[in-house]
Amino acid sequence: MSVYQQILNFPEINGFAPSWSSVEIAIGGVKKVVASKSINYDNPLTIGKMWGTSARKIGRTRGQQDSTGTWEVYRSAWDMLMADVLAIGGRFGFAEIALPITVSYAEPSNPAMTVMDSLLGVRCHSPKVGGSEGSDPLVVSFELDIMEIVYGSGRVGPGFTQLNPIGGIIPG
């Protein structure tokens, strides 16, 4: 099976595609945040283009990567998360403290096939606190400013465990 076929089959693990209940999010690699509603992150790369006087592109730069994300947690988790972040950062405000966040998932039937992404140098900012009529719990959503994302699928290829969009494959 080629690496391409392995990626196409991913993320099925023993016939099961991991669901949100299989996700585990931790700050500092230790503190698990159980009451998360969603987390999304991306690695957009803005490539500079060189045109000159030609109608065709004549060159391009490596580009600039600006990793960002959003995280949505229930209000009770936000209160605990802020207490933990402020304990780490001391006198600084929570938006000034850079933290590592790991997002991992595995099915209980195969814990050896854990997939983990590392979000490095993350600053949480711009919280939006709200609620609405109904029985749903209160939610806080906030933005993530991420220095680097390392995708660690474990299925990139033989002997490789992590992938960085600019740094390439990192040998495992």
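Residues numbered from 1 in each chain as written. Predicted model: local features only at pLDDT ≥ 70, side-chain atom pairs only at ≥ 80, totals over all residues. Heavy atoms only, no water.

## As for the overall build of the chain
Phase 1 of the analysis: Counting secondary structure elements, the chain contains two helices and 14 strands.
Phase 2 of the analysis: Buried residues in the chain amount to 30% of all 172 residues.
Phase 3 of the analysis: Long-range contacts, defined here as pairs at least 24 residues apart, represent 55% of the contacts in the chain between residues at least 6 apart.
Phase 4 of the analysis: Put simply, the chain shows about 10700 Å² of open surface, and 56% of that area lies on carbon and sulfur atoms. (Helix = DSSP H or I, 4+ residues; strand = E, 2+ residues; numbered from the N terminus. Buried < 20%, exposed > 50% of the residue type's maximum accessible area, 1.4 Å probe, protein only. Contact = heavy atoms within 4.5 Å. Areas by Shrake-Rupley, 256 points an atom, 1.4 Å probe, with all protein chains shown as cover.)

## Brief notes about the nonpolar core
Phase 1 of the analysis: Within the largest apolar cluster, 24 residues are counted, with the highest numbers of intra-cluster contacts made by W71, L119 and F142.
Phase 2 of the analysis: Elements with a contribution of two residues or more to this core: β1 (23–27), β3 (36–42), β8 (67–74), α2 (75–89), β9 (99–105), β10 (115–130) and β11 (139–146).
Phase 3 of the analysis: Among all residues touching L119, those that are not within four sequence positions of it are I39, Y41, L99, P100, I101, V103, I146, E148 and I149. (Core = buried A, V, L, I, M, F, W, Y, C linked by side-chain atoms within 4.5 Å.)

## Details of the packing of aromatic side chains
Phase 1 of the analysis: Within the structure shown, the criterion is met by four aromatic pairs.
Phase 2 of the analysis: When the centroid spacing of 6.5 Å and the interplanar angle of 25 degrees are considered together, the rings of Y41 and Y151 count as stacked. Of this pair, Y41 sits in strand β3 while Y151 sits in strand β12 (residues 148–152), placing them 110 residues apart in sequence.
Phase 3 of the analysis: Pairing W78 with F142 gives two aromatic rings, centres 5.0 Å apart and planes at 50 degrees, and the pair type is tilted. Placement of W78 in helix α2 and of F142 in strand β11 is noted, with a sequence separation of 64 residues between them.
Phase 4 of the analysis: We classify W78 as buried; its relative accessible area is 7%.
Phase 5 of the analysis: Assessed through its relative accessible area of 1%, F142 is described here as buried.
Phase 6 of the analysis: Counting every residue linked through ring pairs, the aromatic cluster contains W71, W78, F94 and F142. (Phe/Tyr/Trp six-rings, centres within 6.5 Å; stacked < 30°, edge-to-face > 60°.)

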